[in-house]
Amino acid sequence: MLTVALAGLRARWATFLASFLALTLGVGLLTTMGLGLASTFDAPRRAPERFASSPVVVMGRDTLTVEVRRGPGTAEVSKPLDRPHPVDEALVRDLGTLGTVVRAGGPDAVGVDAPAGAVRALVDGRAQVLTGDDRARADARTRQDAQALVAVNALLGTAGGVAAFVSVFVVASTFAFAVALRRREFGLLRTAGATPGQVRRVLLTEALVMGTAASAAGCVLGALGAPPLGRLLVEGEVAPGWFAVRAGVHWPLHAAFWTGLLVAVAGVWAASRRAGRVGPAEALRDADVDTGVLPRGRLVTGAVLAVAGAGLLVWGLATDPADLLGRKSWVTRPMLLISAVALLSPLLVRRVVRLLPVTGGGVGLLVRENTAASVRRTSAVAAPVLVTVALAGSLLGSAGTVTASRAAEARQSTAAQLVVTGEALPAPRLEGAEVSASAPTSVFVREEDTALIRYGARAVTDPAAFAGLARLPVVAGDVRGLDDGSIVVSEEWERRTVGEHVAVWLGDGRPARLRIAAVLAAGAGGDAVFVTAANAPGTAVDRIDVGLAPGTDRAGAARALRAATGGTVRTADAWAAAVHPRTSPQTRLGLLVVLGIALVYTAVCLAGTLLMATAARRDETASLRLAGATRGQVLRTVAGEALLAVAVGTVLGALVAAVDLAGMAAALSALGAPVAMAVPWGAAASAAGVCAVIAVTCATAACPRAGTR
């Protein structure tokens, strides 16, 4: 069996080239992403900077630890506070009896030149005692680096998941088409006495041999590509400046290699079962019209995935629309629909081809009929285009829609004409104006006794001015009832009855029991929780909303505010556009990495599929020449079929993206947020254009050789 498989690989190397390259690329990407993730898990310990000369650092508490239920027992969970607690002055004086106390950069930590044991005995749980490299926790950059590493984890995990999904998709599609081209070969094997099981074993052996070689090559490629990825993340300001992908970690290589081998076998499994059912009569067939292109198993699987994708979307809208706006949701949700449409594409190809306009007289008619008749070839070309266009439309469209809706929501939430932003803004006095200052803070709540949830909140200095300028989506209560003993919450909260008291922890970790004054619609994820400044001690004002009286000179008021606060003064429209950009550079870089993966896969799959498809049509193109077609007409026919297949994939991909974005629009509407759709026409058109260029180039490249026979 191995001898037959090796002979088949040697004889049909061009048929397996696309699958080999796609799998090599997939394993390489998984290796690169795995090495990157391993580098974030084992980040190098940084030397302390703030208290480098102090052997011991005493730092105030910087996390909130709460006990929650875990199954039959309980467990402690921790969340970082907005800022560490200051070290008590009495404790600082006591530490001075042990040695020199160093203050640097704020009251949250002090350095102590004394033995660590004596310091721990004196502190006795009133603060944290840090020694060695742990002293770096007192540096402001440590928390920033931790947040950046979380972003790197999210990016690499998403990219790795997309790489795995697209590699399975592409390899399975390529193998299925390759098997379809070899029907006569399998018919000859059956005529010679081969059993269906032997035919299946030949294909699986070919997949094992090819998969082993491709996975090994992919591991080498991924190891070489990992360091440049680390530099790209640093240059894109996604990762900390010191981040680098390090060699010497072996588990990503093992994981990628065995995943690649599993993908190769899984990709050929369904095709091998179909090949085993080929009868001896296939060796005698002359007609190339596709029949039986949608087996029952594929039909059932595609229908199940379509129902599951639509069902999950409807279920999310009915139970938790806010979840549909999360990045994990809009990255993974399109994959079900993409898989469903790809599996059902034999049902859709002919219908879409008939709907698309085709010109060119006799050549155009031949292009349309050939494309509609060759369902397998058209589906194999359209499938990778479907993936690329659907991901471009869904990912970029979802990200743009969420941020645009948040910007519109922010603008609608205030009646101010001017907004001042900056750090530690002083409260200005402006004659004839209503001024509402606020600061960022956090509120923690234990929900269902099983989770500690952190909500970003705004702390308002003047509740009356806040109520006068706020235009919030209130569903119950009244924001005018906000005071030092109350809180405004969103519909996302487990307990949200107006007048009810909720137990919370404030941004500095202090417990509090506050009365619910009003409940707001969840919205697109903007500000939906509000407390007073008394419940956010130590926070600095970073935003001031200013409502001007009728007839007030806006330019003069802006100059006065700028002089009084030193902050940036904008109109409310300009503030919403500046503070809520369409997509942050870091998010955009992550999305471009994911889309780049899909586009490279598409290029490999299109090139391989069209080269082997055109090569398999030597007799057909030769017949066209014998019938009187010129070389140009043959080339136009082949190029037209490639373009029409790409157009079919573009239409199907656009359909998936439209369904996905329609679900997001419905979620925003259900949450009471403004719906500001951001359809990435340019990105989707560019992806389709690249696919078209690749398809035409590869299809016509093989045509001269095929057309001379």
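The structure under discussion appears in the preceding block.
The following paragraphs examine the structure supplied in this document. Keep in mind it's a predicted model, so treat the numbers as computed, not measured.

1. Quick notes on the side chain of Thr637
The residue Thr637 is located in helix α19 (residues 631-670) in this model. In this structure Thr637 comes out as buried when scored by relative accessible area, which is 3%. Here Thr637 is in contact with Val363, Leu366, Val367 and Asn370, once residues within four sequence places are set aside.

2. Quick notes on the packing of helix α11 (residues 345-355) against α19
The geometry of a pair of packed helices is captured by two quantities: the angle between their axes and the separation between those axes. Closest axis-to-axis distance for the α11/α19 pair is 10 Å, and the angle between their directions is 110°. Taken together, α11 and α19 sit at an angle that is classed as roughly perpendicular. The residues of α19 that touch α11, namely those facing Leu348, Val349, Val352 and Val353, are Leu644, Val648, Val651 and Leu652. Partitioned by chemical class, the residues of the contact of α11 with α19 number 8 nonpolar, no polar and no charged.

3. Considerations on the packing of helix α10 (residues 327-343) against helix α13 (residues 375-412)
One can describe the packing of α10 onto α13 by two numbers: an axis separation of 10 Å at closest approach and a directional angle of 150°. Put simply, α10 runs roughly antiparallel to α13. Between α10 and α13 lies a crossing whose hand is right-handed. Contacts between α10 and α13 involve Trp330, Val331, Pro334, Ile338, Val341 and Ala342 on the former and, on the latter, Leu386, Val387, Ala390, Leu391, Ser394, Leu395, Ser398, Ala399 and Val402. Among the residues forming the contact of α10 with α13, the class breakdown is 13 nonpolar, 2 polar and no charged.

4. A few points about unusual backbone geometry
Phi angles above zero are rare outside glycine, and Asp124 is one such case at about 50°. Take Asp124: it is sitting in the loop between α4 (116-123) and β6 (128-131). Phi is positive for Ala424, which is not a glycine, with a value near 50°. Note on placement: Ala424 falls in the loop between β7 (418-421) and β8 (433-447). On the basis of relative accessibility, which here comes to 54%, the residue Ala424 falls in the exposed class.

5. Here we look at the packing of aromatic side chains
One pass over the full model with this rule turns up 3 aromatic pairs. Consider the rings of Phe257 and Trp258, whose centres lie 5.2 Å apart with planes at 90°: the pair is edge-to-face. Judged by its relative accessible area of 19%, Phe257 falls in the buried class. Owing to a relative accessible area of 54%, Trp258 belongs among the exposed residues under this scheme.

About the criteria used
Residues numbered from 1 in each chain as written. Predicted model: local features only at pLDDT ≥ 70, side-chain atom pairs only at ≥ 80, totals over all residues. Heavy atoms only, no water. Helix = DSSP H or I, 4+ residues; strand = E, 2+ residues; numbered from the N terminus. Buried < 20%, exposed > 50% of the residue type's maximum accessible area, 1.4 Å probe, protein only. Contact = heavy atoms within 4.5 Å. Axes fitted to C-alpha atoms, helices over the stretch in contact; angles between N-to-C directions. Parallel < 35°, antiparallel > 145°, perpendicular 65-115°, else oblique. Nonpolar A, V, L, I, M, F, W, Y, C, P; charged D, E, K, R; others polar. Left-handed = near helix turned anticlockwise from the far one by under 90°. Phe/Tyr/Trp six-rings, centres within 6.5 Å; stacked < 30°, edge-to-face > 60°.

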